[in-house]
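Chain by chain, the residues run as shown.
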Amino acid sequence: MDWADELAAGVSGPQVVNDSKTPSGTVHVGSLRGPVILDVIARALRHAGLETTLLYGIDDLDPMDAQALLTPDAVEREMGKPLAHVPDPAGDCHESYARHFAGLFIDTFRGLGIVPDRYYWMSDIYPTGQMDGFIRTALDRATTVRDIYRRVANVQHPDAWLPLSVICPNCGRIGTTFATDWDGQTVAIECRPNLVTWATGCGWSGRVSPFGGAAKLPWNLEWAAQWSLLGVTIEPCGKDLSTAGGSRDRSDAIAREVFEREPPLNVPYEFINIGGKKMSTSKGRGAAAHEIVEVIPPEQLRFFFLRPRPNHAVDFDPEGTDAVPRLFDEFDKFAAATAGKPVKGDLPPGYAGTFAYSLLDRDAHVSTEAEAFRPAFGHLALLVQIPNVDIPARVEAEKGESLTERETAILDERIGAARAWLEAYAPERSIVAVREDPPIEALLGLDDDQRRYLGALAEAGDPPTSGDAWQNRIFEVAGAGGLPNGRAFAALYAAFLGRSNGPRAGWLLASLDPEFVIDRLRIASGQVPA
Ligand SMILES: [Zn+2]
Ligand SMILES: [Zn+2]
């Protein structure tokens, strides 16, 4: 069973799966693990026959606290204001900063097949009064809240502190106000110039009612209130929030002791480390989701996040490595095994579920998808580098029959990904330039046994059409002549590339015109003059 199926088997009754996000900045690929896990949990619950609602919240009353995300002229004016009240930095395409950036991640989610039943916006919910009861309870129980912060997180709020963020009626900032003295109707607030380092309050003070959208709960309380308001039963959360005394512990305690409700089931998940860096916050090359998806199509990206159990950290280093081709190979292996074909190496239990949940379309016909012909990524990465190759024809020859419409779409997607990979990440040995004229210097470096081998390969029968068949023949002929495999491959790379290494030799020969291959083998063997 896949981990998500295990989870689904352990719960009963209707389920509400939830997550939420502050809409600031662009989406980095590491931060997509959470949404994929969320979606897969919802799919597994539905698969198990449980009535399931998938919700995704946008915490857009959170204050703007990142100066780097604003244009210089907007910094003084906008820092500290709710994200929902900051203008769209891109111009007039959205009604606010929050809507603009949430739009980016909603599009990214959709591209990954993640379609919540509903997105909810905290800036819409507070003004309806639905949060008023939770605000009142939090203020009435402020002593308990302060005690939870002290006990669970060792955070000492002053005795006068109230769990409330009021929007300053004078300057509109929410990050700069300090609320005290709840009298059952109103609170006293001060908009302090130096409450936080990243925004400057206007100095206004007075009494305000905290209801109907005039204020919001601080994050830990808002989170716990969302669980009560929406009836959340399962909410995965990242390791950074799941540490002892961290955000989740605080919100769990607030749910139990302040709002008197059991918190939802947590599914803590680990980070994705890309190139040795934690990618949830960094801005390294290739970190933005829209860049990675050029190289790793949605189904392989879902598979990447989904294959390890959530509590396993993943190290992924695409730069100058075969990590991307290996990911495709692993995906293809899961597909083949799901289709009942024999595969090499071990497979984890639940591989068929992992494959099914990797598919973009949650209603896809899994066995049809599993049976689809998928050309090896490494072979395509080679074919796209060889001039004048009819790639679909080569792939059809390898399959042995014409491609279905779906297989053609898979091929097109992979050709694009292979080109992007060669441009962005591929190691030097994967970049090939086949030498049109025999590379004389390299050929002179061959030993007699290597020349004999190349000659034997030329005479070993009709050239195979597939990379695998070529690879087998390369081994067979080497074995028959008693030549170690390493020397056989070195001879082939010398003959075709004029160097000592290269990509998988079977794919290289299968990519080239068969007549050209045989001619070159004969020349390199010395049977025919160059
Ligand atoms: Zn916009
Ligand atoms: Zn103010």
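Data block above holds the structure.
A few points on the structure. (Residues numbered from 1 in each chain as written. Chains lettered and ligands numbered in written order. Predicted model: local features only at pLDDT ≥ 70, side-chain atom pairs only at ≥ 80, totals over all residues. Heavy atoms only, no water.)

**Brief notes about the pattern of salt bridges**
Phase 1 of the analysis: This structure, assessed with the given rule, holds 33 salt bridges.
Phase 2 of the analysis: With its nearest N and O atoms 2.7 Å apart, the salt bridge here joins Asp322 to Arg429. Note that Asp322 is positioned in the loop between strand E13 (314-316) and helix H13 (323-338) and Arg429 in the loop between helix H18 (405-424) and helix H19 (440-444), a separation of 107 residues in sequence.
Phase 3 of the analysis: Overall, Arg429 belongs to the partly exposed group, its relative accessible area being 36%.
Phase 4 of the analysis: Note that Glu369 and Arg374 form a salt bridge whose closest N and O atoms lie 3.7 Å from each other. (Salt bridge = Lys/Arg side-chain N within 4 Å of Asp/Glu carboxyl O. Helix = DSSP H or I, 4+ residues; strand = E, 2+ residues; numbered from the N terminus. Buried < 20%, exposed > 50% of the residue type's maximum accessible area, 1.4 Å probe, protein only.)

**Quick notes on the coordination of the zinc ion (ligand 1)**
Phase 1 of the analysis: Of the protein atoms, only Asp88 (OD), Cys93 (SG), His94 (ND1) and His100 (ND1) coordinate the zinc ion (ligand 1), at distances of 1.9 to 2.2 Å.
Phase 2 of the analysis: Coordination at the zinc ion (ligand 1) is tetrahedral: its four donor atoms span angles of 96 to 120 degrees at the metal.
Phase 3 of the analysis: Mapping the donors of the zinc ion (ligand 1) onto the primary sequence gives the spacing D-x4-C-H-x5-H. Here the residue Asp88 occupies a position in the loop between helix H3 (72-78) and helix H4 (97-111), and His100 occupies one in helix H4, the gap between them amounting to twelve residues.
Phase 4 of the analysis: When its relative accessible area of 14% is taken as the criterion, His100 is described as buried. (Donors = N, O, S within 2.8 Å, 3.2 Å for Na, K, Ca; no water. Tetrahedral: all angles 85-135°; square planar, octahedral: opposite > 155°, others 65-115°.)

**Re the nonpolar core**
Phase 1 of the analysis: By size, the foremost hydrophobic cluster in this structure holds 107 residues, and its most contacted members are Tyr453, Leu492 and Phe496.
Phase 2 of the analysis: If you tally residues by element for this core, the top one is helix H22 (residues 485-497), at nine residues.
Phase 3 of the analysis: Discounting residues that sit within four places of it in the chain, Tyr453 has contacts with Ile474, Val477, Ala478, Leu483, Ala488 and Leu492.
Phase 4 of the analysis: In terms of nonpolar packing, the next biggest core, distinct from the first, is built from 43 residues, Phe134, Ile135, Val208 and Leu221 among them. (Core = buried A, V, L, I, M, F, W, Y, C linked by side-chain atoms within 4.5 Å. Contact = heavy atoms within 4.5 Å.)

**Some details on the sheet that holds strand E5 (residues 177-180)**
Strand-to-strand pairing in sheets goes through backbone hydrogen bonds, with the strands running parallel or antiparallel.
Phase 1 of the analysis: In spatial order, the strands read E5-E6-E7; together these three strands make up an open sheet with antiparallel pairing. The open sheet is flanked by E5 and strand E7 (205-208), the only strands paired with a single partner. Adjacent strand axes in the sheet meet at a mean angle of 30 degrees, parallel and antiparallel pairs treated alike.
Phase 2 of the analysis: Where E5 and strand E6 (residues 187-191) come together, four bridges link them in antiparallel fashion. Looking at E6, one finds that Thr180 is bridged to Ala188. (Pairing = 2+ DSSP bridges. Axes fitted to C-alpha atoms, helices over the stretch in contact; angles between N-to-C directions.)

**A look at the coordination of the zinc ion (ligand 2)**
When a metal holds four donors in a tetrahedron, each ideal angle between them is 109.5 degrees; when it holds six in an octahedron, the ideal angles are 90 or 180 degrees.
Phase 1 of the analysis: At 2.2 to 2.3 Å from the zinc ion (ligand 2) lie its protein donor atoms, namely Cys168 (SG), Cys171 (SG), Cys191 (SG) and Cys202 (SG).
Phase 2 of the analysis: Coordination at the zinc ion (ligand 2) comes from four donor atoms whose angles at the metal span 105 to 114 degrees, giving a geometry best classed as tetrahedral.
Phase 3 of the analysis: Counting residues between consecutive donors of the zinc ion (ligand 2) along the chain gives the motif C-x2-C-x19-C-x10-C. Highlighted residues: Cys168 in the loop between strand E4 (165-166) and E5 and Cys191 in strand E6, separated in sequence by 23 residues.
Phase 4 of the analysis: The exposure class of Cys191 is buried, given its relative accessible area of 1%.

**Some details on the packing of aromatic side chains**
Phase 1 of the analysis: Scanning the entire structure with this criterion turns up 20 aromatic pairs.
Phase 2 of the analysis: Here the basic side chain of Lys21 rests over the ring of Phe105, its NZ or CZ set 5.3 Å away from the ring centre.
Phase 3 of the analysis: Between the NZ or CZ atom of Arg192 and the centre of the ring of Phe178, over which it lies, the distance is 4.1 Å. (Phe/Tyr/Trp six-rings, centres within 6.5 Å; stacked < 30°, edge-to-face > 60°. Lys NZ or Arg CZ within 6 Å of the ring centre and 35° of its normal.)

**Things to note about the packing of helix H12 (residues 298-306) against helix H14 (residues 351-358)**
Phase 1 of the analysis: At a minimum axis distance of 8 Å, the contact between H12 and H14 shows a crossing angle of 135 degrees. Accordingly, the angle class assigned to the pair H12 and H14 is oblique. In this structure, H12 crosses over H14, and the sense of that crossing is right-handed. The residues of H14 that touch H12, namely those facing Glu299, Arg302, Phe303 and Leu306, are Thr354, Tyr357 and Ser358.
Phase 2 of the analysis: Residues that form the contact of H12 with H14 fall into these classes: three nonpolar, two polar and two charged. (Parallel < 35°, antiparallel > 145°, perpendicular 65-115°, else oblique. Left-handed = near helix turned anticlockwise from the far one by under 90°. Nonpolar A, V, L, I, M, F, W, Y, C, P; charged D, E, K, R; others polar.)

**A few points about H4**
Because an α-helix packs 3.6 residues into every turn, residues spaced three or four apart end up facing the same way.
Phase 1 of the analysis: Here H4 is 15 residues long and its end C-alpha atoms lie 22 Å apart, about the 21 Å a rise of 1.5 Å per residue gives.
Phase 2 of the analysis: Where H4 is concerned, the buried positions are Tyr97, Ala98, Arg99, His100, Phe101, Ala102, Gly103, Phe105, Ile106 and Phe109.
Phase 3 of the analysis: Structurally, H4 contributes buried residues whose contacts are with strand E1 (15-21), helix H2 (33-47), strand E2 (52-58), strand E3 (118-121) and helix H5 (122-125).
Phase 4 of the analysis: Of the residues flanking the start of H4, the one acting as N-cap is Ser96, its side-chain oxygen 3.3 Å from the backbone nitrogen of Ala98.
Phase 5 of the analysis: One or two positions beyond H4, positive phi appears at Gly113, with a value near 80 degrees. (Expected span 1.5 Å × (residues − 1). Polar contact = N/O pair within 3.5 Å; in protein donor to acceptor, adjacent residues only side chain to side chain.)

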